[in-house]
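In case you want the letters, here they are:
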There are 2 protein chains.
Amino acid sequence: MKTVPERLAALRAAMVQAGCDAYIMPSSDPHSSEYAPGHYTAWEYFSGFSCENANLVVTADDAAMWVDGRFFGAADTALAGTGIASMHMGVKGVPTLTEWLGEKLSAGKVLGYTAETMPVMQCRKLNDLCQKQGAKLADLPLVDQVWVEDRPALPSTPAWLLDLSYAGKSPADKLALLRGKLAAQNCTAMLVTKLDSLAWLLNLRASDVESTPYALAFCYVDMDTAVLFTNTNRISAETLQQLADAGVKTGEYMGMAAYLTAGTAQQTVLVDPASLNAALDNALRSNSLYTVVEGADPIAMLKAVKNETELACTRSAHLVDGAAMVRFQMELEQRLSKGETLRETDIDTILHKYRSSAQKFITESFSTIAAWGPNAAMMHYAPKVGADAEIQPKGYLLVDSGATYYDGTTDITRTYAVGPLTEEEKLAYTRVLRCHIDVAMAVWREGATGGELDMLARQPLWRHMLDYRCGTGHGVSHVGAVHEGPQSLRPHSNVAFVPGMVITDEPGIYEEGHIGIRIENELVCVEAGESEYGKYLRFEPITFVPIDVSCVLLDELTREEKQWLNHYHAQVLEKLSPLLNETEVEWLRTKCAAI
Amino acid sequence: MKTVPERLAALRAAMVQAGCDAYIMPSSDPHSSEYAPGHYTAWEYFSGFSCENANLVVTADDAAMWVDGRFFGAADTALAGTGIASMHMGVKGVPTLTEWLGEKLSAGKVLGYTAETMPVMQCRKLNDLCQKQGAKLADLPLVDQVWVEDRPALPSTPAWLLDLSYAGKSPADKLALLRGKLAAQNCTAMLVTKLDSLAWLLNLRASDVESTPYALAFCYVDMDTAVLFTNTNRISAETLQQLADAGVKTGEYMGMAAYLTAGTAQQTVLVDPASLNAALDNALRSNSLYTVVEGADPIAMLKAVKNETELACTRSAHLVDGAAMVRFQMELEQRLSKGETLRETDIDTILHKYRSSAQKFITESFSTIAAWGPNAAMMHYAPKVGADAEIQPKGYLLVDSGATYYDGTTDITRTYAVGPLTEEEKLAYTRVLRCHIDVAMAVWREGATGGELDMLARQPLWRHMLDYRCGTGHGVSHVGAVHEGPQSLRPHSNVAFVPGMVITDEPGIYEEGHIGIRIENELVCVEAGESEYGKYLRFEPITFVPIDVSCVLLDELTREEKQWLNHYHAQVLEKLSPLLNETEVEWLRTKCAAI
């Protein structure tokens, strides 16, 4: 079954057989991961469109997919002609998933789903909806039935432990920390379901998820025991021994639910509903010895506030990454100036050449976004060989990329002028740069939240009734997923920043069919000092790569913004020079010249 | 009893008789008003210090008063030698009221209070504390017993209804609106306890509270009835008729509790615990026919979003007030330049002369703060005849003042250079001005909160680890109290601004013993427009009075800030000129010259 219509037809046939009127596929794996391993990407298989934070619903004669602002343009293009409507989430006049399902699910109808990949919170909402409509919500394994032949196997890449010299804390120390947090909440156990949390807790890494060095696994922790549930035959004897030394036993991934059902000790089990699937929720509730406590995963905060080793390592990784970015930009400029034709997909090839030559390189931290001209208006555009644009000598090339090294994970966006710019293009770039700098140079009294700081980022755009339909920034895991919480820079985020948290600062302008600009550094929250008014915090960049000032309307910047930019470029030159050869340093010196 | 020690001795004698070990007097009247009528100011009588948001506690051999940041300096001075410790709220190392009481209240001890003036929320906290300590909380009328001779009577000023041409909506219309809100919350009645809410609901005004045109009153509203409880013999027959026409009956103020106790109909009564006193809470709970629902006062939002009439009136009142401010400043400059000696209390005299000559003048909206030099560091400094400073020809004079007219209430602060300034003084002024402008020129997508916008105000100070220990701004009632909620500009305020809300924008710098600067306009939230990203809002000043630019380091302002300032001054000149004579216009023209 090669085409989307063929796949949908097969699914619909299975639906008829199962007495199912609508089937829902959220963009989730059993851990509510942001990026799911191929085995679980049913919403992509049946729609032909790759994205995150989506829901695909299929009925006998209709189908629709809800996507968020990052994917509006790309979804419209990809879904055209498939019979699947592209639904823009949060846009006035577009029915929400609930409204749409409400129309379809009259009394007696059946809404099917796969419990294993259904986030428990969504499952409860769907259940409420079905009850209200007199419909029935049913766990039906139709995906498993229909998607067999060309389905990727469950991942099983080698799993290993991140060395203490990169992690800063051993699994035994981290388990002790976690048990302390559990005891403080009157819990005796926790089911760790989020892959990020598990990777942090056990220092476990693998390559089960594309671009993310994580192992597909669960971990059950009580006061005496810790059991890692994963595909165990990909773990070396040495790693197994390290885990055993830290008091960690192992079990098979598919045995997680059975382990919970079979538990024989009374436990008060903490689970975070944000990463729990409906199948494990059922297993937990089926065991009367368990008191289930739902709450925020305490590992999130432990993980988000980086320790000194993690910070030192990640700073070092960013310099290596910065040197690769410099070499990439030099090659890009040289080849373009020679009149060579480059396409968007060539960008990733060049970047990969430089990044992967670093000794500690593991993987790109996400699919490189290289978007020329109007393509850059699609926030999460991924160019594909054969369907990518040529980089023409005008306007902007947006490059959002990053890598995970043994000592850190990077995420950086630069927007390059690849030809003459209009005044309007320069103004847009300058405004985005102001947004970036206004966050980067913020100082705040301890306690200020991501929502409050986000206001600084948006003023230069909001004053002109412009905006970007996404947060200003997200956390970044240490040698892990490129997105982490709980901190974020977005309206109404009520998480206060704490020294040691890492955040991206990536405002942008995206005008569909026209232009896309983003400038992104990673920042770390540090102490600014103390005065009679209290303790003050600020951000410090950890990304050091020149920002193209040839696109800037200098008069539009404030004196303080210019100072920040000059200071930043002085640091870029100072920090990257030791990693570069003489020619490269000379090139960098011109890029870092004060304005 | 003239002295504080004498008063405390009398209170302590009554405490011994009543078996009371500690007596607490919060700064509250029966409505949790910010400014209480003299009759209820026990905390001031027994401490000798006037302030808001305070608690005075007296034990047999100790006494302490908790004051907030606005009053630190003034409280230290006033309480010195009284035997009452000045406790700085929120300062590290200073015990909180609860901690302090925890030390004093061992098992069996009795903490006394007056239920009528005890906010119910505070009462519950004190009760929890007493239970924890094994102590007892007792309603003991010791204030009424001890404070008899020189106690102000219950206020009884003429009460009248604000004309429809100023209020925009009749009491009957407003009652209908309120009943709609109650029904939406499944309530059948409401006990309106906040004086602001009552004044809005019935358009009732009086002068019971100093500088606030309100009547001390409660209002009971159910679906059929509305009863105003106040001192009724100060209401004219005409006003009584107007109330009757709107379906409002009357009862006596002191009969409120008895009315509730005697209620014979089943009701679901909404009360806002934020303005309910413990005595009325007891009365409500004692009647088994009532189901008491605690929730936010729905009138607050109805009142905060001004109607078109209110906005037009208040804009007009601000111009009249602006003309008075211009005349005041002209006289100030002339008299100082002639070498005349002026004292801080002279400022109010001059201001009153100009403001009170306006046809629609009712009262000053609060005690004028006129503070020269270091005195201005005390945020709520009130100069007193005989104890006020001479305005010397150096540094700054801070003047925070306002009035209530029949068509609106004003609140404005200007800081004037009254002699040569140091660079440091100019820098401080410039930074405060930047804070002011950065809020005033903000544009935001609908939904942004006061906490998020507050971030803009503080950046120019936070970047230098400076701050002010108060909010950036507060709402202002229409022909009413100078402070209103629910909107505010302060960290973490989660109330989103709505077109029609009025807010002050009054950042400052206060360095104890050294300098005080504040620049304050009132702003109104208006629609900025709509784009593909949504609806945008902004502020528009309604205060039009020149801002002293001779104190500004122009290079420190951004281009946008300069533009704002020039645009503002052009508006000041245009809007005030029709109200001024030729000489005044000429003077204003120089003050409003573009920079």
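What comes next is a walk through the structure. Remember, predicted model here, so these are calculated numbers, not experimental data.

### Observations regarding the overall build of chain A
Step number 1: In terms of regular secondary structure, chain A is built from 19 helices and 28 strands.
Step number 2: In terms of overall dimensions, chain A is globule-like: its C-alpha atoms have a radius of gyration of 25 Å, near the 25 Å expected for 595 residues.
Step number 3: For chain A, the C-alpha atoms occupy an extent of roughly 65 × 55 × 50 Å along the three principal directions.
Step number 4: Within chain A, the fraction of its 595 residues that count as buried is 60%.
Step number 5: In chain A, of all internal contacts separated by at least 6 residues, the share reaching a separation of at least 24 is 69%.
Step number 6: Accessible surface computed for chain A: about 22400 Å², of which carbon and sulfur atoms make up 52%.
Step number 7: In chain A, 50 side chains carry a positive charge and 75 a negative one; their mean positions are 2 Å apart.

### Quick notes on unusual backbone geometry
Residues and elements named next belong to chain A.
Step number 1: Of note, the amide linkage connecting Gly485 to Pro486 takes the cis form, showing an omega dihedral of 5°.
Step number 2: Checked against the element boundaries, Pro486 lands in strand S23 (residues 484-489).
Step number 3: Of note, Met465 is a non-glycine position whose phi angle comes to about 55°, a positive value.
Step number 4: With respect to the helices, strands and loops of the structure, Met465 is situated in the loop between helix H17 (450-462) and strand S22 (473-475).

### Structural notes on the sheet that holds strand S18 (residues 403-405) of chain B
All names here are of chain B.
Step number 1: With antiparallel pairing, three strands are arranged side by side in an open sheet as S15-S18-S19. Each having just a single partner strand, strand S15 (361-364) and strand S19 (408-409) make up the two edges of the open sheet.
Step number 2: Strand direction decides the pairing type here: S18 and S19, joined by two bridges, are antiparallel. Note on S19: the bridge partner recorded for Tyr405 is Gly408.
Step number 3: Sitting on the sheet, helix H15 (residues 344-356) is in contact with S15 and S18, with an inclination near 160° to S15.

### Observations concerning the nonpolar core
Step number 1: Ranked by size, the top nonpolar core spans 122 residues in total, and within it A:Trp444 and B:Trp444 carry the most contacts.
Step number 2: Excluding its chain neighbours within four sequence positions, the residues that come into contact with B:Trp444 are A:Met455, A:Trp462, B:Leu453, B:Phe497, B:Cys525, B:Lys535, B:Tyr536, B:Leu537, B:Arg538 and B:Phe539.
Step number 3: By size, the runner-up hydrophobic cluster in this structure holds 65 residues, among which are A:Leu11, A:Phe71, A:Val143 and A:Val271.

### Structural notes on the packing of aromatic side chains
Residue and element names in this part refer to chain A.
Step number 1: Tallied over the entire structure, the rule returns 34 aromatic pairs over all chains.
Step number 2: Put simply, the rings of Tyr45, Phe46 and Trp147 touch in pairs and so form one group of aromatic residues.
Step number 3: The side chain of Lys104 reaches across the aromatic face of Trp100, ending 4.8 Å from its centre.

### A closer look at the relation of the copies chain B and chain A
Step number 1: Overlay of chain B on chain A (RMSD 0.0 Å): rotation 180°, translation along the axis 0.0 Å. In short, the pair behaves as if placed about a two-fold rotation axis. Nearest to the rotation axis, the C-alpha of B:Glu452 is located 2.0 Å from it, this being the minimum over chain B.
Step number 2: Here 100% of the interface residues in chain B have copies in chain A that are interface residues too; the copies meet face to matching face.

### Re the pattern of salt bridges
Step number 1: For the coordinates displayed, the defined rule picks out 68 salt bridges over all chains.
Step number 2: A:Glu560 is paired through a salt bridge with B:Arg463; the nearest N and O atoms lie 3.1 Å apart. With A:Glu560 in helix H18 (residues 559-576) and B:Arg463 in the loop between helix H17 (450-462) and strand S22 (473-475), the pair connects residues from two separate chains.
Step number 3: The class of A:Glu560 is buried, set by a relative accessible area of 16%.
Step number 4: A salt bridge links B:Arg285 to B:Asp281; the shortest N-O distance between them is 3.1 Å. On the criterion of helical spacing, the pair formed by B:Arg285 and B:Asp281 is a turn pair, its members being four residues apart in helix H12 (residues 278-286).
Step number 5: The exposure class of B:Arg285 is partly exposed, given its relative accessible area of 43%.
Step number 6: Shared partners join several salt bridges into a network, and the residues in it are A:Lys194, A:Asp196, A:Lys303, A:Lys306 and A:Glu484.

### Digging into the side chain of B:Glu52
Step number 1: Along the chain, B:Glu52 falls in the loop between helix H2 (42-47) and strand S2 (55-59).
Step number 2: When sequence neighbours within four positions are dropped, the list of residues in contact with B:Glu52 reads B:Ser27, B:Glu34, B:Tyr35, B:Arg70, B:Phe71 and B:His380.

### Structural notes on the pairing of strand S24 (residues 502-505) of chain B
Residues and elements named next belong to chain B.
Step number 1: Side chains Val502 and Thr504 of S24 all project onto a buried face; the interleaved residues Ile503 and Asp505 project onto the opposite face, where all are buried too.
Step number 2: Relative to strand S27 (residues 521-531), S24 runs antiparallel, the two being bridged by four bridges. Of the residues in S27, the one forming a bridge with Val502 is Val524.

### Focus: helix H5 (residues 120-133) of chain B
Every α-helix carries 3.6 residues per turn, so stepping three or four residues along brings you back to the same face.
Residues and elements named next belong to chain B.
Step number 1: Here H5 is 14 residues long and its end C-alpha atoms lie 20 Å apart, about the 20 Å a rise of 1.5 Å per residue gives.
Step number 2: All buried positions along H5 are accounted for by Val120, Gln122, Cys123, Leu126, Leu129 and Cys130.
Step number 3: The inward-facing, buried residues of H5 contact strand S1 (22-26), S2, helix H4 (97-104), strand S5 (110-113), strand S6 (136-139) and H12.

### Digging into the interface of chain B and chain A
Many descriptions give the size of an interface as the accessible area lost when the pieces come together.
Step number 1: Across the boundary between the two partners, chain B contributes 37 residues, which contact 37 residues of chain A.
Step number 2: In this assembly, chain B packs against chain A so that about 3400 Å² is buried in total across both faces, 51% of it on carbon and sulfur atoms.
Step number 3: The tally of links between chain B and chain A comes to 10 salt bridges.
Step number 4: With a closest N to O distance of 3.0 Å, A:Arg434 and B:Glu560 form a salt bridge.
Step number 5: Of the residues forming the side of chain B that touches chain A, the biggest block, seven residues, is contributed by H17(B).
Step number 6: Along the lines of polarity and charge, the residues of the side of chain B that touches chain A split into 16 nonpolar, eight polar and 13 charged.

### Things to note about the sheet that holds strand S8 (residues 189-192) of chain B
All names here are of chain B.
Step number 1: With mixed pairing, the six strands of this open sheet are ordered in space as S12-S11-S10-S8-S13-S14. Each end of this open sheet is capped by a strand with a single partner; those strands are strand S12 (248-251) and strand S14 (290-294). Strand after strand, the sheet turns through a mean of 20° between neighbouring axes, direction not considered.
Step number 2: Most of the contacts of helix H9 (residues 195-202) go to strand S10 (residues 217-222), to which it runs at about 60°, and overall it touches S8, S10, strand S11 (226-230) and S12.

### Some remarks on the environment of B:Ser357
Residue and element names in this part refer to chain B.
Step number 1: Following the sequence through the fold, Ser357 ends up in the loop between H15 and S15.
Step number 2: Judged by its relative accessible area of 56%, Ser357 is exposed.
Step number 3: The spatial distance from the C-alpha of Ser357 to the C-alpha of Ala324 is 8.8 Å, given a sequence separation of 33 residues.

### As for the pairing of S6(B)
Residue and element names in this part refer to chain B.
Step number 1: Bridge count between S5 and S6: four bridges; the pairing is parallel. By the bridge assignment, Tyr113 is partnered in S6 with Asp139.
Step number 2: Remark: the S5/H5/S6 crossover connection has right-handed handedness.

### What to know about H17(B)
Residue and element names in this part refer to chain B.
Step number 1: The first and last C-alpha atoms of H17 sit 17 Å apart over 13 residues, in line with the 18 Å expected at 1.5 Å per residue.
Step number 2: The largest bend in H17 amounts to roughly 35° and is located at Leu456, with the proline Pro460 lying one to four residues further along.
Step number 3: Most of H17 sits out of view: 13 of its 13 residues are buried.

Criteria and cut-off values
Residues numbered from 1 in each chain as written. Chains lettered and ligands numbered in written order. Predicted model: local features only at pLDDT ≥ 70, side-chain atom pairs only at ≥ 80, totals over all residues. Heavy atoms only, no water. Helix = DSSP H or I, 4+ residues; strand = E, 2+ residues; numbered from the N terminus. Rg over C-alpha atoms; globule rule 2.2 N^0.38 Å. Buried < 20%, exposed > 50% of the residue type's maximum accessible area, 1.4 Å probe, protein only. Contact = heavy atoms within 4.5 Å. Areas by Shrake-Rupley, 256 points an atom, 1.4 Å probe, with all protein chains shown as cover. Lys, Arg positive; Asp, Glu negative; His and termini not counted. Charge placed at Lys NZ, Arg CZ, Asp CG, Glu CD. Pairing = 2+ DSSP bridges. Axes fitted to C-alpha atoms, helices over the stretch in contact; angles between N-to-C directions. Core = buried A, V, L, I, M, F, W, Y, C linked by side-chain atoms within 4.5 Å. Phe/Tyr/Trp six-rings, centres within 6.5 Å; stacked < 30°, edge-to-face > 60°. Lys NZ or Arg CZ within 6 Å of the ring centre and 35° of its normal. Least-squares fit on C-alpha atoms with pLDDT ≥ 70 in both. Salt bridge = Lys/Arg side-chain N within 4 Å of Asp/Glu carboxyl O. Expected span 1.5 Å × (residues − 1). Buried area = accessible area lost by both parts, 1.4 Å probe. Nonpolar A, V, L, I, M, F, W, Y, C, P; charged D, E, K, R; others polar. Right-handed = clockwise from strand over helix to strand, strands pointing away. Bend = angle between axes of the 7 residues up to and from the residue.

Remember, this is a structural readout, not a statement about activity or role.
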